[in-house]
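# Geometric and topological summary
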Number of protein chains: 4
Amino acid sequence: MASQNNRQRLRDINNTGFGPNSGVEGGRLINTDGSTNLTKTGIPIWERTSVYHTLLRMKRSHFLIFIFIAYTSVNLFFALIYFATGVEHLIGADTSPTYFGKFLEAFFFSSQTLTTVGYGRVAPSGILTNVIASAESLAGILIFALMTGLIYGRFARPRAYLLFSPNIIIAPFKDGKALMLRTATYKNNHLTDVEAQLTLAMHVQEQGKTVTRFYPLKMEFAKINSLALSWTMVHPIDEESPLYNFTKEDVEESKMEVIVIVKAFDDHFSNIVQQRTSYTYKQVIYGAKFLPMFERAYDGSHTILELDKINAHEMVELPEQVLA
Amino acid sequence: MASQNNRQRLRDINNTGFGPNSGVEGGRLINTDGSTNLTKTGIPIWERTSVYHTLLRMKRSHFLIFIFIAYTSVNLFFALIYFATGVEHLIGADTSPTYFGKFLEAFFFSSQTLTTVGYGRVAPSGILTNVIASAESLAGILIFALMTGLIYGRFARPRAYLLFSPNIIIAPFKDGKALMLRTATYKNNHLTDVEAQLTLAMHVQEQGKTVTRFYPLKMEFAKINSLALSWTMVHPIDEESPLYNFTKEDVEESKMEVIVIVKAFDDHFSNIVQQRTSYTYKQVIYGAKFLPMFERAYDGSHTILELDKINAHEMVELPEQVLA
Amino acid sequence: MASQNNRQRLRDINNTGFGPNSGVEGGRLINTDGSTNLTKTGIPIWERTSVYHTLLRMKRSHFLIFIFIAYTSVNLFFALIYFATGVEHLIGADTSPTYFGKFLEAFFFSSQTLTTVGYGRVAPSGILTNVIASAESLAGILIFALMTGLIYGRFARPRAYLLFSPNIIIAPFKDGKALMLRTATYKNNHLTDVEAQLTLAMHVQEQGKTVTRFYPLKMEFAKINSLALSWTMVHPIDEESPLYNFTKEDVEESKMEVIVIVKAFDDHFSNIVQQRTSYTYKQVIYGAKFLPMFERAYDGSHTILELDKINAHEMVELPEQVLA
Amino acid sequence: MASQNNRQRLRDINNTGFGPNSGVEGGRLINTDGSTNLTKTGIPIWERTSVYHTLLRMKRSHFLIFIFIAYTSVNLFFALIYFATGVEHLIGADTSPTYFGKFLEAFFFSSQTLTTVGYGRVAPSGILTNVIASAESLAGILIFALMTGLIYGRFARPRAYLLFSPNIIIAPFKDGKALMLRTATYKNNHLTDVEAQLTLAMHVQEQGKTVTRFYPLKMEFAKINSLALSWTMVHPIDEESPLYNFTKEDVEESKMEVIVIVKAFDDHFSNIVQQRTSYTYKQVIYGAKFLPMFERAYDGSHTILELDKINAHEMVELPEQVLA
């Protein structure tokens, strides 16, 4: 097969952080959201999990539920202690005859102490209860210090807010064709010094076993000064390309995956931001070109970027491959 | 037109993040404050807006109004719940006969709970009211955690604090002339490793339609070690310049725009800071030179930088262009 | 000795930050955790200690103990002042006849003020006591502001979370042999643009006294794009290597130490992270090769990284050295 | 004068951020603490002052005084409002017959509201007083959010903690001599990738007026991998040096100033840190060499860095200058 010859002519790279033996069937290396398709084992889960990373990455709704559960648990914990040591030490508490009523008083006193709202209608008396209340208010302050940090960490976390086209397209380009994908920032952020890196992973047969090979994909422009509108990344499929002379069948057979890393400077965070994504062979469209996704405003005063057109394309004829 | 010839001789760049088709009449690409003159559409506003970016960029007075409104709204929300579930559960509240009086008691109790001040003259009783108060004090703590983060984020946000001269001037320079603009830091910050990038955008006629072309403008010094006083950025208009042989009419016809990006290291934030601005052809002064903006103190012990002279210039004769 | 000849042929480097006279017997330069094996003297301890650095580096359990002690101390301090100025000014306090009982009331009031929980069952009266309580609540807020910052600083501190193989191995490599060590991230973080630097320190006899010489160790790959799985760092022991022709005895005699610095970009912190470690001659295994530490999942959908196999190796025959 | 000839032979640099006309008599450009010896005028002080920068740079004692004054002022402000709107609305307040007593009650209630301690012995009643108290507790929370941010900003601010030798020495070096200064970190921080930049400023007579010229001083090593012990920066005074053939009188006449910028990576802040300093001609010692400032511990287990020896030197004979 001609394509194989070309591929073997090119040096593959083995400094991608993935090994050649990781060849898996159907499993991708990088997920669409940029995370690695990987599980770690061998050490306990609390040692191999960064709680901070996890809480920062968590969806907002999950994070709120987490806070609510944590708050209620600590509340319950202290309420049980007050209950156990005697609700009669909580001066001002309703003298409920039932255990449930007593526990409720303990619970509400606990929550007033934890949040330091401390109305004082119910107040601790006696050494033990006072010590517990003192400890609980300290715990409350520390927990909410943690919350403050986490909430700040979540919204201040530098992110690129890049929208990628759901598909990669193989489009006509100059005298040949090129692999193209498109990105744009979808929030009111502004990126400068934007660099992209495309890496091709292919699972190929070598001496009877499946190995994974990695190739850098050269881009027409690997860096742009400023990402104001959209950016179409272009990898020309020429003699230099590991995809040169590849047919659609070759692509599918090799279970091709294109890993995209974009790094940029966000002038609002004043920080480097990075976003990753990955495309598998199932996301490739053969013979298409992207349609413009911005236009001038009616009054000509500014430009409109239409984010819903990030994947807008029309089908076109691909040129014959010169070498076959 | 000679100028056109020279311009076409030079390679324009198309990695600016703006497209060649974004040609708009009268609309600038970058606003004076460095933001992009752009609107995004196609996805809902809450998805294409970074609340954090917006709250950080907001004017201080607007931010304070935002906080006040947010505080009052949450207060009102909980006050309505207390009111609906019965003010009689708020022990100690004035037994006002009017609905308004009752609502006010609920409102003030709510604010004492939200801020965790909890005087306790009014205190919750009963399961429902206690649960609501418990939820409100949690909400209060989370909201103020957010505020703490936002306030910190606002004042700790690395900024360059650069003052740019309101005009670009075309000044005599060596045997020819040069495009010049001047900048200085206007706060007590100190920048080192300061780099600038000047990009020229021109709207030109090509094959009957208006296209936008971008050219880098070479600077005499594109980097300075330290920005202690002022920095006059100089683009010599020589054979290498896309502005070579341009007349004032050429400049106006092309609706020239000069985009300025300055990046530096601020040793107080210990961070890279960046500031952008842009000049349109209307801000160009032909035949002028900047006057000094610093002088020694009377006692010779230090230097005085006069920030109100950032644009100080005097009109001068421009040399004949050697090549025409 | 042939090895000596080769070593002297190579230029040693003296920009490592360590001096040639620091030759110590048995003492390593860098500890396994990356800290420098160094004591500073000559200025008072409070000037040469960064409290912030120390509190950030402290083990979590120690940090919690530190907070508890600090809280109790400040509490006690203010309790003593209330006690000294008269517990009768604390309205509502139990009128205990004993000093201890009075002090306890002062202590609990103090803790309620410090945490701003302020139940109000006990409240200050009189100018002096009110002023003290006002000062204590201010102190409380400042102290907990500090705590908030510290807690945030601790969990938001960018860290590489790298696990290093406990041993360095001398393995067969191509036609010769190589020095190898292995690393992997052990948390759910993802590093890109990972760079490593290996420096060899040897304590050698020169003109009768022991001096320390430093040599950079060239790596097969000193940079990888992404650290998804594991990374085996390889220093080929060829003619270019300062270890060329070294025997096990040479290594031990020179009290060899290999200093490892890894720098990477963590896309979650959006920051550069760095980790250091060091290996002494006692950690070298001669004639071994690392075994794979990852495998595909049973269902082929993802890869499993087995962290407990970071040091997994099997003994192998080393090739004869070509030059001797 | 031979020295002049050499100086004029070298290209001076004019990208230092200082102008050639800033020549001042006796006034240095950079102060010892790295700040610029500069005053800015022309815009109002509140526009040319970064409050954040100022509060971060302030001495700790001044910062604490600032917080105390701010707290007391806000307290007084609200106390006056409560006093003006009637202390009788503060239920539970001591009914003092004097204005001073009434004001004190208002003041203490104000402080309990501002810190949200809210004992509740005194509580607001009536619409107006409740609204004021509600506003004050909001103000309190915002002010303490600011404090939290500032306190965090102060101790988390990346700093290099470099100690510089108070003197520059002219020492024998190889066959000639060199200008040397020494630095070390004085806290338990560790710097890697340390870069230094030495710039020489000289005030010279040219065509009858004093102008300031800047020259880079080449260093033997301008970058070190790691600053574990001390670093002696060495500028060899050879034919390439702008100081070549300079006599002590030349140095004094030119009011020489050496500006030092050090940049490094601190692995604890995971950030670039920078520190500047400057030496004037009065700080130069002719004919000396630095003495070692570290030694091995008695038990040989680690190295001791003696920070009080940062400037330790002994006088030595300087070699005859070859060219004169």
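Provided above is the structure to which this section pertains.
Here's a quick rundown of the structure. (Residues numbered from 1 in each chain as written. Chains lettered and ligands numbered in written order. Predicted model: local features only at pLDDT ≥ 70, side-chain atom pairs only at ≥ 80, totals over all residues.)

### Notes on the overall build of chain A
What chain A contains, in helices and strands, is 6 helices and 17 strands. A globule of 324 residues ought to have a C-alpha radius of gyration of about 20 Å, yet chain A, at 29 Å, is considerably larger. Once the C-alpha set of chain A is aligned to its principal axes, its extents read approximately 90 × 65 × 30 Å. Taken over 324 residues, chain A has a buried fraction of 47%. Across chain A, the fraction of contacts at a sequence separation of at least 24, relative to all contacts at a separation of at least 6, is 68%. (Helix = DSSP H or I, 4+ residues; strand = E, 2+ residues; numbered from the N terminus. Rg over C-alpha atoms; globule rule 2.2 N^0.38 Å. Buried ≥ 20, exposed ≤ 12 C-beta atoms within 10 Å, placed from the backbone. Contact = placed C-beta atoms within 7 Å.)

### Notes on the sheet that holds strand β1 (residues 38-41) of chain B
Strands sit in the order β15(A)-β16(A)-β1(B) across an open sheet of 3 strands; the sheet is mixed. Unpaired on one side and paired on the other, β15 (294-296) of chain A together with β1 of chain B mark the two borders of the sheet. Taken pair by pair, the neighbouring strands of this sheet meet at an average axis angle of 25°, ignoring direction. The pairing of β15 of chain A with strand β16 (residues 303-306) of chain A spans 3 bridges and is classified as antiparallel. (Pairing = 2+ DSSP bridges. Axes fitted to C-alpha atoms, helices over the stretch in contact; angles between N-to-C directions.)

### What about the relation of the copies chain C and chain A?
Superposing chain C onto chain A requires a rotation of 90° together with a translation of 0.0 Å along the rotation axis, leaving an RMSD of 0.0 Å. Here the symmetry operator amounts to a four-fold rotation axis. The residues that chain C uses at the interface reappear at the interface of chain A in only 9% of cases, marking distinct surfaces. (Least-squares fit on C-alpha atoms with pLDDT ≥ 70 in both.)

### Side note on the relation of the copies chain D and chain B
Under the fitted operation, chain D is carried onto chain B by 0.0 Å of movement along the axis and a turn of 90°, and the coordinates agree to an RMSD of 0.0 Å. Looking at chain D, a mere 9% of its interface residues are interface residues in chain B too, so the copies touch through different faces.

### Some words on the sheet that holds strand β1 (residues 38-41) of chain A
Strand order in the open sheet formed by 3 strands is β1(A)-β16(C)-β15(C), and the pairing between neighbours is mixed. Both edges of this open sheet fall to β1 of chain A together with β15 (294-296) of chain C, since each of them pairs with a single strand only. Averaged over all pairs of adjacent strands, the angle between their axes in this sheet comes to 25°, without regard to strand direction.

### Description of unusual backbone geometry
What is expected of a backbone is that most residues other than glycine have negative phi and most peptide bonds are trans. One non-glycine residue with positive phi stands out, namely D193 of chain A, at about 50°. Structurally, D193 of chain A can be placed in strand β7 (residues 191-206). With 18 C-beta atoms counted inside 10 Å, the residue D193 of chain A sits in the partly exposed group. A positive phi angle, close to 50°, is found at S270 of chain B, a residue other than glycine. Within the secondary structure layout, S270 of chain B lies in the loop between β11 (257-266) and β12 (271-280). S270 of chain B gets classed as buried once you count the C-beta atoms within 10 Å, which come to 20.

### Considerations on the packing of helix α3 (residues 60-85) of chain A against helix α4 (residues 99-114) of chain A
Working note: a packed helix pair is described by the angle between its axes plus the distance between those axes. All names here are of chain A. Two elements in contact, α3 and α4, have axes separated by 8 Å at closest approach and are oriented at 125°. The orientation of α3 relative to α4 falls into the category oblique. Relative to α4, α3 is oriented so that their crossing is right-handed. Between α3, through V74, N75, F78, A79, Y82 and F83, and α4, the contact on the second element is made entirely by K102, F103, A106, F107, F109, S110, S111 and L114. Of the residues that constitute the contact of α3 with α4, the class distribution is 10 nonpolar, 3 polar and 1 charged. (Parallel < 35°, antiparallel > 145°, perpendicular 65-115°, else oblique. Left-handed = near helix turned anticlockwise from the far one by under 90°. Nonpolar A, V, L, I, M, F, W, Y, C, P; charged D, E, K, R; others polar.)

### Quick word on the interface of chain D and chain B
Between chain D and chain B, the residue contacts involve 54 residues of the former and 54 residues of the latter. Listed by contribution, the elements that provide at least two residues to the side of chain D that touches chain B are β1 (38-41), α2 (51-57), α5 (127-156) and β12 (271-280) of chain D. No other element matches the 13 residues that α5 of chain D contributes to the side of chain D that touches chain B. For the side of chain D that touches chain B, the residue count by class is 19 nonpolar, 30 polar and 5 charged. Note that strand β16 (residues 303-306) of chain B and β1 of chain D share 4 bridges and pair parallel. Residue pairing in the sheet places E306 of chain B in a bridge with T41 of chain D of β1 of chain D.

### A word on the interface of chain C and chain A
Contact residues are listed per partner, giving 54 residues for chain C and 52 residues for chain A. If you list the elements that add at least two residues to the side of chain C that touches chain A, you get α3 (60-85), α4 (99-114), α5 (127-156), β9 (223-227), β15 and β16 (303-306) of chain C. Counting residues per element, the side of chain C that touches chain A draws most heavily on α5 of chain C, which supplies 7 residues. Taken together, the residues of the side of chain C that touches chain A break down into 27 nonpolar, 19 polar and 8 charged.

### Re helix α3 (residues 60-85) of chain B
Over its 26 residues, α3 of chain B extends 38 Å from the first C-alpha to the last, a length consistent with the 38 Å expected when each residue adds 1.5 Å. When we look at burial in α3 of chain B, the residues that qualify are Y71, N75, F78, A79 and Y82 of chain B. Against the buried residues of α3 of chain B lie β2 (90-91), α4 (99-114) and α5 (127-156) of chain B together with α5 of chain D. Of the residues one or two after α3 of chain B, G86 of chain B is the one with positive phi, at around 110°. (Expected span 1.5 Å × (residues − 1).)

### Things to note about the pairing of β16 of chain B
Where burial is concerned, the two faces of β16 of chain B differ: the one with T303 and L305 of chain B is buried and the one with I304 and E306 of chain B is not. Linkage of strand β15 (residues 294-296) of chain B to β16 of chain B, two consecutive antiparallel strands, is achieved through a turn of 6 residues, within which G300 of chain B is found at a positive phi near 70°.

### Considerations on α4 of chain B
For α4 of chain B, spanning 16 residues, the distance from its first C-alpha to its last is 22 Å, which sits close to the expected 22 Å at 1.5 Å a residue. Burial runs high along α4 of chain B: 12 of the 16 residues are buried. Buried within α4 of chain B we find K102, L104, E105, A106, F107, F108, F109, S110, S111, Q112, T113 and L114 of chain B. Looking at the buried positions of α4 of chain B, the neighbouring elements they touch are α3, β2 and α5 of chain B together with α5 of chain D. In the segment just after α4 of chain B, T116 of chain B is the residue with positive phi, at about 60°.

### So, the packing of helix α3 (residues 60-85) of chain D against α5 of chain D
Residues and elements named next belong to chain D. Remark: α3 packs on α5, axes separated minimally by 11 Å, with the N-to-C direction vectors making an angle of 175°. When the interaxial angle is binned, α3 and α5 end up roughly antiparallel. In contact with I67, V74, F78, I81, Y82 and T85 of α3, α5 contributes L128, T129, I132, E136, A139, I143 and M147. A class-by-class count of the residues in the contact of α3 with α5 yields 10 nonpolar, 2 polar and 1 charged.

### A closer look at the pairing of strand β6 (residues 176-185) of chain B
Residue and element names in this part refer to chain B. Among the 10 residues that make up β6, 9 are buried, leaving the element largely enclosed by the rest of the structure. Bridge count for strand β4 (residues 162-164) against β6 is 3 bridges, and the pairing is antiparallel. Bridge assignment links L163 to a residue of β6, and that residue is A184. Where strand β5 (residues 168-173) meets β6, 5 bridges bridge the pair, whose relative direction is antiparallel. Paired with I170 across the two strands is L179, which belongs to β6. Here β5 folds back onto β6, and the loop between the two strands holds 2 residues, one of which, K174, carries a positive phi near 50°. Where β6 meets strand β10 (residues 230-236), 7 bridges bridge the pair, whose relative direction is antiparallel. Bridged to A184 within β10 is S230.

### A look at the environment of I310 of chain A
All names here are of chain A. If you trace the backbone, I310 turns up in the loop between β16 and β17 (313-315). In this structure I310 comes out as buried when scored by C-beta crowding, with 22 C-beta atoms within 10 Å. As for I310 and D193, which are separated by 117 residues in sequence, their C-alpha atoms are 21 Å apart. Ignoring any residue separated from it by four or fewer positions in sequence, one finds I310 in contact with L163, S165, R182, A184 and M293.

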